[in-house]
Amino acid sequence: MIQESDGNSSEPEEGAQAVAARPELPHASGAPTETEGSAETGARTHPLSGLVLGLSWGLGVALALSFRSILDGEWIVIAFTIPAGFVAGVVGGYVKWWFTRYVINECEIRIETGPIFKSSRRIPFARLQSIDINQPLVARVFGLSELTIEMAGGSDSSSKLRFLPFAEARNI
């Protein structure tokens, strides 16, 4: 049976209770506050990550640019292409570092990358299988380490977070 309300009742209607039970947003616009937003934007890896990545990439770029010159014995070309390769690698490494952030909250690890095409890798703790700490040679010189995060299941179940200070990597 449906009861009709005459408007003079002291009990609030069900719709009014539902509206009153909603939590208030921090701002009228619904936008997060500055402190809430900073936790969601994430942290960057160590600033030397760009240099470590750049030195690794730079070696490959330098060899690719100067391979033919090494075979032909053109030493003047080699003198310019090897430093140019390392500079290109370091610039590329810092661009990658600048656009890589990670967030660790109560339910997941999130790694966000990409200057042009954004990518967000979410790793729920429920699917976390292992976290390995690796120290490649160049990273070890600077006291940095790389985290390899493995998830259970799936073909693309591995993620890497390069490069964190060794002590911070152990805490994670």
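Residues numbered from 1 in each chain as written. Predicted model: local features only at pLDDT ≥ 70, side-chain atom pairs only at ≥ 80, totals over all residues. Heavy atoms only, no water.

Across its full length, the protein carries 6 helices and 6 strands. Listed by position from the N terminus, the elements making up the protein come as α-α-α-α-β-β-β-β-α-β-β-α. Looking at the protein as a whole, 24% of its 172 residues qualify as buried. Accessible surface, the protein as shown: approximately 11,700 Å² in total, 60% of it carbon and sulfur. (Helix = DSSP H or I, 4+ residues; strand = E, 2+ residues; numbered from the N terminus. Buried < 20%, exposed > 50% of the residue type's maximum accessible area, 1.4 Å probe, protein only. Areas by Shrake-Rupley, 256 points an atom, 1.4 Å probe, with all protein chains shown as cover.)

Take the sheet that holds strand S6 (residues 158–165) next. Pairing is antiparallel in the open sheet, where 3 strands are placed in the order S4-S5-S6. The sheet is open, and its two borders are formed by strand S4 (128–134) and S6, each paired with just one other strand. Each neighbouring strand pair of the sheet contributes to a mean axis angle of 20 degrees, computed without reference to strand direction. Here S4 pairs with strand S5 (residues 144–151) via 6 bridges, running antiparallel. (Pairing = 2+ DSSP bridges. Axes fitted to C-alpha atoms, helices over the stretch in contact; angles between N-to-C directions.)

With that settled, the discussion passes to the packing of helix H3 (residues 49–72) against helix H4 (residues 75–98). Interhelical geometry of H3 versus H4 gives an angle of 150 degrees and a closest axis separation of 6 Å. Accordingly, the angle class assigned to the pair H3 and H4 is roughly antiparallel. Taken as a pair, H3 and H4 cross one another with a handedness that is right-handed. Of the residues assigned to the contact of H3 with H4, the class counts are 17 nonpolar, 11 polar and 1 charged. (Parallel < 35°, antiparallel > 145°, perpendicular 65-115°, else oblique. Left-handed = near helix turned anticlockwise from the far one by under 90°. Nonpolar A, V, L, I, M, F, W, Y, C, P; charged D, E, K, R; others polar.)

Turning next to H4. In this model H4 runs 35 Å from its N-terminal to its C-terminal C-alpha over 24 residues, within 8% of the 34 Å that 1.5 Å per residue would give. Residues of H4 that are buried sit in contact with H3. (Expected span 1.5 Å × (residues − 1). Contact = heavy atoms within 4.5 Å.)

As a further point, take unusual backbone geometry. Backbone torsion omega between Arg162 and Phe163 reads -20 degrees, so that peptide bond is classified as cis. By the element assignment, Phe163 lies in strand S6.

The 3 strands are arranged S1-S2-S3 in an open sheet whose pairing can be described as antiparallel. Each edge of the open sheet is held by one strand with a lone partner, namely strand S1 (101–104) and strand S3 (119–124). This sheet shows a mean twist of 10 degrees between the axes of neighbouring strands, independent of strand direction. Pairing geometry for S1 and strand S2 (residues 108–113), over 4 bridges, is antiparallel. By the bridge assignment for S2, Ile104 is matched with Ile109.

Attention shifts here to the layout of surface pockets. One simple way to see leftover space: roll a probe sized like a water molecule over the atoms. When its volume is computed, the largest pocket comes out at roughly 260 Å³. What lines the largest pocket is a set of 14 residues, among which Lys96, Ile111, Thr113, Lys160 and Leu161 lie closest to the centre. Counting only elements with at least two residues in the lining of the largest pocket, the list comes to H4, S2, S3 and S6. Class assignment for the residues of the lining of the largest pocket results in 4 nonpolar, 6 polar and 4 charged. (1 Å grid on protein atoms, 1.4 Å probe; cavity = no way out; pocket = protein on both sides within 12 Å on 5 of 7 lines; lining within 4 Å. Points joined across faces, edges and corners; volume = space filled by probe spheres on them.)

Our next topic: the environment of Pro136. For Pro136, the location among the structural elements is in the loop between S4 and helix H5 (137–141). Taking C-alpha positions, Pro136 is 10.0 Å from Ser56, a pair spaced 80 residues apart along the chain.

Turning our attention to the environment of Ser130. Its place among the elements puts Ser130 in strand S4. Between the C-alpha atoms of Ser130 and Ser158, which are 28 residues apart in sequence, the distance is 9.6 Å. Beyond its immediate stretch of four places on either side in the chain, Ser130 contacts Thr148, Ile149 and Glu150.

Our focus in this paragraph is the pattern of salt bridges. Throughout the structure, instances matching the rule amount to 5 salt bridges. Note that Arg122 and Glu108 form a salt bridge whose closest N and O atoms lie 3.0 Å from each other. Separated by 14 residues along the polypeptide, Arg122 in strand S3 and Glu108 in strand S2 bring together distant segments of the chain. Judged by relative accessible area, which is 13%, Glu108 ranks as buried. Glu146 is the partner of Lys160 in a salt bridge, and the nearest nitrogen-oxygen pair spans 3.9 Å. With Lys160 in strand S6 and Glu146 in strand S5, this residue pair connects regions lying 14 residues apart in the sequence. (Salt bridge = Lys/Arg side-chain N within 4 Å of Asp/Glu carboxyl O.)

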